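The residues making up each chain are set out below.
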Amino acid sequence: MKLSARAASLQPSLTLAIAARAKQLQAEGQNICSLSAGEPNFDTPAFIRQAAAEALEQGVTRYGPAAGDPELRQAIAEKLSRCNGMAVGSDQVLVTNGGKQALYNLFQVLLDPGDEVLLPAPYWLTYPELARLAGAEVCLLTSNASDGFRLDLEALEALITPKSRLLVLNTPSNPTGLVLQREELEAVAALLRRHPQVAVVCDEIYEHLLADGQTHHSLAALAPDLADRLFVVNGFAKGWAMTGWRLGYLAGPAEVVKAAIALQSQSTSNVCSFAQRGALAALHAPLDCVQEMARSFSQRRSHLTAGLQQLSDVVVVPPNGAFYAFPDISAFGLDSMTFCQQLLDQQGLAVVPGVAFGDDRCIRLSCAVTTATIDDGLNRLKSFLQTL
Ligand code: PLP
């Protein structure tokens, strides 16, 4: 059967391929250590589970509005105004099946074939695939571990053409843990003012997961004048340990959000109705549970970073947020896929090759595991490096 050109060009997720290989080896009885997880190793806080369970009991089991429960849209709009300096009404919010669907919907309604998407690399691996699915070209802005993966704004400006349509910003970043500082975001805003054809989407899904002393800044708060072309994507998966619930949102200019709602109404309809009640409970509660998990990630992030820093010839940029480290292992002369395959086959350690994130010199290790698992992983990595 001939596949559509769209489907034929779609790359399956490399992260899932590594996870599947690790599972297969485990099933064969091998002792596998995985630092490949992209999700918190915590349970969703009890009060959120309870709110959803009660909703289920009360019969909140029917179709709802495609755009999301009005109360939840309102709570999200208030949260964006209060915490992110983004003054939006609930009509500018769409509740989606995770941050991923928010991005999918946005790219579909904003991009046409031939449009260009400006994407800083290393990037979260879904962005380029979603851009290409919408027919757009991806223009990569490269960066290096040796420069701390900082955004080179001159290089970004040089990439801009009349076809540039959308800049993707992700802070804190998956996979590098880079947190954009206030001055950097102000410089991005100044650049965008010079190029009115370029919209921007800020993926803030890791906003709560910060290293000590770091602050999350939202571009929306720093540049309210860009409101007519600024989008925010966020969700509950990382901050509230709700990955399986599939709850995210898109916010931005009303006419684009309206188009995204129409798309969602014809594709997936509303997000699971009783799950939305869990998200509402999460937003109505204080952030204590989120902060507690964030503190735990912070300790483990530091622990992983310190361990990596002890390995010679590994270049480590201390991550300031999210729950990954993205060291440069290119000194060992292997591409990242070969490195990861050999590491898994020889030491039973699963990590994700950097090529999946647009940087073949690096590998991604997650600290969303116990400290003992981090130590086990570091030992296996050390043993592997000694063989190279
Ligand atoms: N954005 C980034 C940077 C991510 O790392 C992820 C998940 O890994 C998402 C968005 C999407 O999360 P979800 O669709 O689970 O809400």
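What you see as residue numbers is a count from 1 along each chain, following the sequence as written. Local features are withheld for residues below a pLDDT of 70 in this predicted model, meaning they are given only at 70 or higher, and side-chain atom pairs are given and counted only at 80 or more; totals for whole chains, interfaces and linings count all residues. Heavy atoms from the whole structure form the basis of all side-chain values; hydrogens and water molecules are not counted.

## Focus on the sheet that holds strand 11 (residues 352-353)
- If you trace the three strands from one edge of the open sheet to the other, you get 9-12-11, paired in antiparallel fashion. Each edge of the sheet is formed by a strand with only one pairing partner; in this case those strands are strand 9 (324-325) and strand 11.
- In this analysis, strands are considered paired if DSSP registers two or more bridges between them. Runs of E in the DSSP output that reach at least two residues are strands. Runs of H or I that reach at least four are helices, and both are numbered from the N terminus. In this structure, strand 9 lies alongside strand 12 (residues 363-366), joined through two bridges in antiparallel fashion. Residue pairing in the sheet places A325 in a bridge with L365 of strand 12.

## Comments concerning the nonpolar core
- To qualify as a nonpolar core, a set must consist of buried Ala, Val, Leu, Ile, Met, Phe, Trp, Tyr and Cys residues joined through side-chain atoms within 4.5 Å. Relative accessibility under 20% of the residue-type maximum defines a buried residue, over 50% an exposed one, and the middle range a partly exposed one, all with a 1.4 Å probe and only protein chains included. Grouped together as the largest cluster of nonpolar side chains are 51 residues, with contacts concentrated most on L167, L169, L219, F236, W240 and L247.
- Contacts are assigned to residue pairs with any non-hydrogen atoms lying within 4.5 Å of each other. Non-local contacts of L167, meaning those with residues more than four positions away in its chain, are made with L118, P120, L156, V188, L192, V198, A199, V200 and V201.
- Membership of the second largest hydrophobic core comes to 41 residues, among which are Y324, A368, F384 and L385.

## Re the packing of helix 5 (residues 98-110) against helix 10 (residues 254-267)
- Every axis corresponds to a line fitted to the C-alpha atoms, with the helix fit spanning only the stretch in contact, and the corresponding angles, defined between N-to-C directions, vary from 0 to 180 degrees. The N-to-C vectors of helix 5 and helix 10 enclose an angle of 110°; their axes lie 9 Å apart at closest approach. Accordingly, the angle class assigned to the pair helix 5 and helix 10 is roughly perpendicular. Considering the relative orientation of helix 5 and helix 10, their crossing is right-handed. Residue-level contacts link Q101, Y104, N105, L106, Q108, V109 and L110 of helix 5 to V256, A259, A260, L263, Q264 and S267 of helix 10.
- Partitioned by chemical class, the residues of the contact of helix 5 with helix 10 number eight nonpolar, five polar and no charged. An angle below 35 degrees is treated as roughly parallel, one above 145 as roughly antiparallel, one from 65 to 115 as roughly perpendicular, and anything else as oblique. Handedness of a crossing is defined here by the sense of rotation of the near helix relative to the far one, left-handed for an anticlockwise turn of less than a right angle and right-handed for a clockwise turn. Any residue outside Ala, Val, Leu, Ile, Met, Phe, Trp, Tyr, Cys, Pro, Asp, Glu, Lys and Arg is labelled polar, Gly included; the first ten of those are nonpolar and the last four are charged.

## A word on the domain arrangement of the chain
- Start and end points for every domain follow an automatic or database-based domain assignment. On domain assignment, one finds that the chain holds domain 1 (5-44 + 288-385) and domain 2 (62-284).
- Taken over C-alpha atoms, the centre of domain 1 sits 25 Å from the centre of domain 2.
- Each side of the interface is counted separately: domain 1 has 37 residues, and domain 2 has 34 residues.
- Interface area for domain 1 against domain 2, summed over the two sides, is near 2800 Å², with a carbon-plus-sulfur share of 61%.
- We count a salt bridge whenever a side-chain nitrogen from Lys or Arg sits within 4 Å of a carboxyl oxygen from Asp or Glu. In this assembly, domain 1 and domain 2 are joined by zero salt bridges.
- A 3.5 Å cut-off defines polar contacts: any pair of N or O atoms within that distance qualifies, except that in protein one atom must be a possible hydrogen donor and the other a possible acceptor, and neighbouring residues in sequence count only when both atoms are side-chain atoms. Applying the counting criterion to the domain 1 and domain 2 interface returns 14 residue pairs in polar contact (both at pLDDT 80 or more).
- For the side of domain 1 that touches domain 2, the secondary-structure elements that each account for two or more residues are helix 12 (288-309) and strand 9. Reported buried area values correspond to the accessible surface (1.4 Å probe) lost by two parts on association, with both partners' losses combined.

## Notes on the pattern of salt bridges
- Overall, the coordinates contain 10 salt bridges when judged by the stated rule.
- Residue K79 pairs with E207 through a salt bridge whose shortest N-O separation is 2.6 Å. Remark: E207 occurs in the loop between strand 6 (199-203) and helix 9 (219-222) and K79 occurs in helix 4 (residues 70-84); sequence separation between them is 128 residues.
- Given a relative accessible area of 5%, K79 falls into the buried group.
- With a closest N to O distance of 2.9 Å, D359 and R361 form a salt bridge.
- Accessibility expressed as a relative area gives 4% for D359, which makes it buried.
- Residue classification places R361 among the partly exposed residues on the basis of a relative accessible area of 31%.

## Notes on the pairing of strand 8 (residues 248-251)
- Here strand 8 shows two buried faces, one formed by G248 and L250 and the other by Y249 and A251.
- Note: strand 2 (residues 93-96) against strand 8, four bridges, orientation antiparallel. When the bridges of strand 8 are listed, V93 appears paired with A251.
- Of the strand pairs in this sheet, strand 7 (residues 230-235) and strand 8 are connected by four bridges, and their pairing is antiparallel. Bridging across to strand 8, G235 finds its partner in G248.

## What about the sheet that holds strand 4 (residues 137-141)?
- If you trace the seven strands from one edge of the open sheet to the other, you get 2-8-7-6-5-3-4, paired in mixed fashion. Looking along the sheet, the strands with just one partner apiece sit at the ends: strand 2 and strand 4. Averaged over all adjacent pairs, the angle separating strand axes in this sheet is 20°, with direction ignored.
- Set on the sheet, helix 10 makes contact with strand 2, strand 7 and strand 8; between it and strand 2 the angle comes to about 30°.

## With respect to the site of the ligand
- It suffices for a single heavy atom of a residue to lie within 4 Å of a molecule or strand for the residue to be listed as near it. Neighbouring the ligand are 13 residues, the closest being G99, N174, D203, K238 and R246.
- Within the backbone of K100, a nitrogen or oxygen atom sits 3.0 Å from an oxygen atom of the ligand.
- K238 is positioned with one of its side-chain polar atoms (N or O) 2.7 Å from an oxygen atom of the ligand.
- Spatially, the ligand is embedded in the largest pocket.
- Among the elements that line the shell around the ligand, the one with the most residues is helix 5, at three residues.
- Here the residues of the shell around the ligand sort into five nonpolar, four polar and four charged. Here the term cavity refers to a set of points on a 1 Å grid, laid over the protein atoms alone, in which a 1.4 Å probe fits but cannot get out; the term pocket refers to an open set having protein on both sides within 12 Å along at least five of seven lines, with lining residues being those that place an atom within 4 Å of a point. Cavity and pocket membership follows a simple rule, namely that a molecule belongs there if more than half of its atoms are within 2 Å of the grid points.

## Observations regarding the side chain of T171
- Among the structural elements, T171 can be located in the loop between strand 5 (164-170) and helix 8 (182-194).
- Among the polar contacts listed, one links the side chain of T171 to the backbone nitrogen of L180, at a separation of 2.9 Å.
- If sequence neighbours within four positions are ignored, T171 has contacts with L178, V179, L180, D203, E204, H216 and H217.

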